[in-house]
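Coordinates in review
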Number of protein chains: 2
Amino acid sequence: MYRTHTCGELNISKVGEIVTLSGWLQRSRDLGGMTFIDLRDRYGITQLVFNMDTNAELCRKARKLGREYVLQVIGTVAERSNKNQKIPTGEIEIIAEKLEILNSSEVPPFTIEDDTDGGDELRMKYRYLDLRRNAVRKNLELRHHMAQEIRNYLSAKKFLEIETPVLIKSTPEGARDFVVPSRMNPGQFYALPQSPQTFKQLLMVGGYDRYFQIVKCFRDEDLRADRQPEFTQIDCEMAFVEQDDILNVFEGLTKNLLLKVKNIEFDGPFPRMPYSEAMEKYGNDKPDIRFGMTLHELTPQVKGSGFVVFDSAEYVGAINAEGCAEYTRKQLDELTDFVKKPQIGAKGLVYVKYLADGTLKSSADKFFDQQALIGWAETLHAQPGDLLLVLAGDRATTLNALSELRLEMGRSLGLMNKEMFAPLWVVDFPLLEWNEDSQRFYAMHHPFTSPCKEDIALIDSDPGAIRANAYDLVINGVEIGGGSIRIHNATLQQKMFTALGFSDEQAREQFGFLMNAFKYGAPPHGGIAFGFDRLVALFSGLDSIRDVIAFPKNNSGRDVMIDSPSTIEEQLLKDLSLEINLKAE
Amino acid sequence: MYRTHTCGELNISKVGEIVTLSGWLQRSRDLGGMTFIDLRDRYGITQLVFNMDTNAELCRKARKLGREYVLQVIGTVAERSNKNQKIPTGEIEIIAEKLEILNSSEVPPFTIEDDTDGGDELRMKYRYLDLRRNAVRKNLELRHHMAQEIRNYLSAKKFLEIETPVLIKSTPEGARDFVVPSRMNPGQFYALPQSPQTFKQLLMVGGYDRYFQIVKCFRDEDLRADRQPEFTQIDCEMAFVEQDDILNVFEGLTKNLLLKVKNIEFDGPFPRMPYSEAMEKYGNDKPDIRFGMTLHELTPQVKGSGFVVFDSAEYVGAINAEGCAEYTRKQLDELTDFVKKPQIGAKGLVYVKYLADGTLKSSADKFFDQQALIGWAETLHAQPGDLLLVLAGDRATTLNALSELRLEMGRSLGLMNKEMFAPLWVVDFPLLEWNEDSQRFYAMHHPFTSPCKEDIALIDSDPGAIRANAYDLVINGVEIGGGSIRIHNATLQQKMFTALGFSDEQAREQFGFLMNAFKYGAPPHGGIAFGFDRLVALFSGLDSIRDVIAFPKNNSGRDVMIDSPSTIEEQLLKDLSLEINLKAE
């Protein structure tokens with residue numbers, strides 16, 4: 001037995017007991033005739049004391065130990081004279097009587113502290129040491145806790161967790177698949193699932209009316225900051241349900257998580273907002289509603305003043321930055337630079353300062369008189385002291401730029417409180433999205449999403465106007481997940497494939513097994529999937545999902561700790577009937 | 001809202017209530033002026049009644065419905081005159097008032113009944129229909145229940161479930177890896193994990209002293225009856241523990257499962273048996289101890305009688321089939337044929353009948369007198385009425401053949417009660433196994449397994465005699481899982497790699513990151529992994545794991561439902577810098 005207690009559990013009630021602890025040497029201090037060692041494990045830190053006067057040999061042994069040595073200590077719990085109220089074990093220390101070195105350690109390449117001196121790359125290479133840090137550990141503990149709460153909640157609601165296969169079939173629709181060559185079927189490949197979508201629909205056909213799974217999914221994308229080639233999804237599907245049934249269950253799940261994990265009681269239902277309203281008011285389908293500063297369109301009231309920027313614009317809109325009328329020239333220039341960044345794409349920024357004396361001062365004074373500017377201020381519900389920020393251009397770009405500007409202002413004004421959770425259902429998404437390049441419609445959600453009943457008639461005349469029974473859960477501007485009511489009727493599904501430009505043969509080849517299944521009594525069904533990594537990151541107050549994953553990959557999809565991917569043996573390639581061809585693509 | 005109740009919950013207390021049910025048409029019967037429909041969902045079956053006298057139009061509509069149609073019915077709960085006590089809803093029926101056809105169904109290719117007329121292949125192709133059968137559904141429900149119990153038990157014991165990566169690095173040791181070509185790192189591959197072994201050890205180095213994960217693992221093997229290319233493991237690791245600590249925790253887990261899932265209270269500790277004893281008494285390292293009939297060696301007492309089969313044998317051994325002295329010639333011939341099957345490999349079978357009158361009659365009477373045969377009977381604790389079955393040959397083959405013969409006798413004598421659970425820890429496995437072909441030792445468990453302290457000295461002189469700190473949990477002759485205390489000392493690990501014939505470079509290349517990690521304070525640690533599919537199959541009373549997997553693959557690794565693996569698009573291959581070469585290997 002390596003220990004009687006952990007390093008996090010001893011307190012004043014145990015004074016006098018002889019205990020055995022094991023853990024890592026966090027730090028050590030020699031003070032005159034005494035040596036103090038902080039012994040660390042997953043549960044906390046306990047102070048060990050070695051005394052030169054009473055046990056010189058042991059004390060000398062203790063003085064030779066380095067950081068991150070693994071120790072086993074037997075000693076007596078004693079009350080500390082110099083108490084540390086910051087930690088649960090701070091009132092006691094262990095008078096060491098026996099010390100065993102379980103393992104030595106080289107000097108770690110960075111300090112194992114909350115504020116480490118290790119850079120990102122170094123910490124990833126030595127992730128097993130990074131994992132020892134409190135900051136990382138509490139993320140993984142939270143992740144475990146959340147997964148447990150989710151499973152218990154859904155199980156209590158009669159959901160069954162059913163494992164769907166990882167080795168599945170590649171389909172060209174959607175993102176790029178990772179593929180796995182099959183040795184037993186030469187020239188053929190499995191694919192790793194981007195989601196268990198078709199399998200969960202087949203489970204509905206199979207009568208499992210409440211399915212869930214916390215499951216790894218895979219996407220071979222060029223990685224952006226917050227993407228990983230493998231990620232974890234809370235994947236769910238229900239049969240004999242309408243949209244409201246699904247929203248209610250997963251609103252319940254989210255509220256339960258907020259309560260159990262963050263101790264936040266959320267009163268009343270989550271607000272719901274149609275996609276069209278989200279775009280109009282926030283320029284974005286995942287609005288952060290922790291703060292207002294909504295977008296207001298000015299197009300009709302600014303036209304015809306001779307200001308060519310506005311006169312030629314498809315859309316002119318503004319936000320009201322309350323209390324910012326005193327912004328300096330420099331601050332306004334910075335905002336102008338911000339919106340002109342290529343990824344934001346505005347051509348420039350017009351501001352209107354609503355001064356304390358009730359006058360308005362604008363960078364477009366030449367074209368607009370006080371009366372006109374007062375009109376803008378009214379549209380934006382502005383008061384003296386406020387600052388209007390106006391952008392103009394084509395509709396899509398300008399809405400997006402205003403959305404980015406709004407978030408930037410929210411950040412700089414401290415309106416995005418990490419302790420606040422503002423959930424929102426975005427509903428009534430468009431069913432289809434037109435793609436100019438390929439001159440065809442794509443499914444905005446996926447090809448199995450059902451159209452709103454009242455819009456079905458538009459499928460031939462105006463497919464772009466059809467709304468879908470699709471919904472996203474957004475919290476603090478982060479898209480936590482989304483889903484839809486599916487098509488359960490083979491004829492309608494066929495029609496949908498046609499609208500998406502699939503030939504019958506393509507549809508059959510890619511989704512034939514699903515179409516077939518639908519011939520044998522598919523129930524009405526729908527589902528949702530939450531990004532588990534993002535949900536944990538949000539609950540951790542972190543911006544990146546990488547920090548809530550034990551062994552993440554870097555932006556080139558590499559695991560720098562194990563140095564993967566890597567070359568494989570020639571024989572294995574042969575067994576797979578494959579050759580590598582590194583010629584330019 | 002598609003339903004107010006499920007098809008499994010209405011009973012006599014609800015008589016008079018108006019309810020809405022949804023489900024599948026299981027069967028329908030027209031009796032005079034009435035039509036009865038059994039409506040089925042995941043929760044049960046409820047009888048619907050349509051009456052030609054009171055609602056002719058509705059009744060006519062009901063008579064047109066086919067099997068597996070999806071229906072929604074509104075009606076009134078009524079007491080049945082003809083009660084069915086076999087099902088919870090058997091005392092009531094629904095007098096239908098409204099009927100909506102939610103979906104039609106073609107005639108399914110096999111009947112959705114406990115005893116279906118569908119063959120294996122057909123059921124796999126239409127797995128979504130097979131999943132509707134009670135027999136399959138209860139397996140998946142049990143699987144969910146067991147996973148929940150396991151997670152709750154381990155979480156309560158402070159284990160953290162931590163997800164390890166699926167895209168990892170290929171290592172030539174062990175079984176064959178599935179590999180995944182990396183598009184972003186041309187010519188390089190990820191591998192899918194055969195187990196999270198190295199990652200869980202790194203988590204121990206990282207200070208997570210109690211880790212578990214219910215996790216998919218992958219092995220590209222030529223499939224045998226009870227293997228799947230992807231399978232699920234309950235994977236665990238603990239730090240600051242000795243073998244006993246691990247056995248205690250997982251014995252507790254197993255007992256808790258037996259109690260919660262099978263309502264079996266298991267008293268006292270699980271028996272433990274050294275590997276050497278298991279081989280000697282059962283000819284097998286996974287003994288089924290639900291019954292005795294242990295092996296007894298006869299080698300010394302049968303030598304020198306002039307019977308060349310025995311005289312030339314390395315090993316002669318027998319089992320005692322109690323009460324089988326009356327076996328007929330035909331039965332004995334069948335047993336002889338059984339042991340002579342190539343996969344069993346015995347040359348023949350010698351029997352001794354211990355007749356009721358106290359005389360013994362053997363197929364080797366020519367060489368052994370009554371006195372000699374009495375001696376055998378004594379060794380095997382046989383009584384009049386018993387039958388001794390004797391095999392001879394080289395030791396390994398004969399032990400295996402006796403083991404198979406014992407199991408065959410156990411089966412035919414009905415000694416293998418599926419309701420009984422007989423767990424056993426097999427301990428003290430050999431550390432190394434000699435391979436004649438490659439003339440080197442292989443790790444019996446894996447290269448990280450620690451040797452028993454008292455045997456370490458043998459590493460240079462007699463490596464084959466070293467016992468390992470390794471253990472298997474066996475239940476009813478099924479290997480549920482196994483594990484070991486790991487080496488946590490870099491020097492000893494290095495020595496082990498040398499004993500296994502790894503060059504320093506090979507060891508560094510394949511396990512360098514683990515060796516490196518061990519330099520920074522690795523704690524003493526060990527772990528275990530249970531095969532979850534096998535555990536569920538055992539608890540379900542099933543012989544094959546295929547029946548406890550929602551979407552299994554067949555023996556060629558194919559999913560015949562989705563027709564996977566399959567060819568992929570040329571462009572995807574190009575993006576992966578790969579070419580297919582189907583030339584002979």
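Residues numbered from 1 in each chain as written. Chains lettered and ligands numbered in written order. Predicted model: local features only at pLDDT ≥ 70, side-chain atom pairs only at ≥ 80, totals over all residues. Heavy atoms only, no water.

Take the sheet that holds strand S16 (residues 387-393) of chain A next. Residue and element names in this part refer to chain A. Strand order across the open sheet formed by five strands is S12-S13-S16-S14-S15, with antiparallel pairing between neighbours. The open sheet has two free edges, formed respectively by strand S12 (296-297) and strand S15 (360-362), since each of these has just one partner strand. Pairing between strand S13 (residues 315-321) and S16: seven bridges, direction antiparallel. Looking across to S16, one finds that Asn320 is bridged to Leu388. Contacts between helix H10 (residues 329-340) and the sheet are confined to strand S14 (350-354) and S16, with S16 contributing the most and set at about 30° to the helix. Its contacts with the sheet place helix H12 (residues 395-412) against S12, S13 and S16, and it is angled at close to 10° to S13. (Pairing = 2+ DSSP bridges. Helix = DSSP H or I, 4+ residues; strand = E, 2+ residues; numbered from the N terminus. Contact = heavy atoms within 4.5 Å. Axes fitted to C-alpha atoms, helices over the stretch in contact; angles between N-to-C directions.)

Before going further, it helps to spend a moment on the pairing of strand S4 (residues 70-79) of chain A. Residue and element names in this part refer to chain A. Among the ten residues that make up S4, eight are buried, leaving the element largely enclosed by the rest of the structure. Pairing of strand S1 (residues 18-31) with S4, which is carried by seven bridges, proceeds in the antiparallel orientation. Bridge pairing in S4 places Thr20 opposite Ile74. Of the pairings in the sheet, the one linking S4 to strand S5 (residues 92-103) comprises ten bridges and is antiparallel in character. Within the sheet, the bridge partner assigned to Val73 lies in S5 and is Leu99. (Buried < 20%, exposed > 50% of the residue type's maximum accessible area, 1.4 Å probe, protein only.)

All names here are of chain A. Within helix H7 (residues 275-282), burial applies to Tyr275, Ala278 and Tyr282. Looking straight down H7, one finds that the buried residues subtend no more than 65° of arc, so they occupy a single side. Packed against the buried residues of H7 are strand S11 (272-274), H12 and strand S17 (423-427). Where H7 ends, the next residue or the one after it, Gly283, has phi of about 65°, a positive value. (Arc of directions from axis to C-beta.)

Let us look at the pattern of salt bridges. Counted by the stated rule, this structure contains 85 salt bridges over all chains. A salt bridge links Asp222 of chain A to Arg183 of chain B, with the nearest nitrogen and oxygen atoms 3.3 Å apart. Of the two residues, Asp222 of chain A is situated in the loop between strand S9 (210-218) and strand S10 (230-239) and Arg183 of chain B in the loop between strand S7 (179-181) and strand S8 (189-191); the pairing between them involves two chains. Bridged by salt links that share partners, the residues Arg3, Asp41, Arg42, Arg137 and Glu141 of chain A together with Asp209 of chain B form one connected network. (Salt bridge = Lys/Arg side-chain N within 4 Å of Asp/Glu carboxyl O.)

With that settled, the discussion passes to the relation of the copies chain B and chain A. In the superposition of chain B on chain A (RMSD 0.1 Å, axial shift 0.0 Å), the rotation amounts to 180°. When the rotation and shift are considered jointly, the pair of chain copies conforms to a two-fold rotation axis. Take the interface residues of chain B: 100% of them recur as interface residues in chain A, which is what a same-surface contact looks like. (Least-squares fit on C-alpha atoms with pLDDT ≥ 70 in both.)

Turning our attention to helix H1 (residues 56-63) of chain B. Residues and elements named next belong to chain B. Within H1 the residues assigned to the buried category are Leu58, Cys59 and Ala62. Looking straight down H1, one finds that the buried residues subtend no more than 100° of arc, so they occupy a single side. Buried residues in H1 make contact with strand S2 (34-41), strand S3 (44-51) and strand S5 (92-103).

Just geometry here; none of it tells us what the structure is for.
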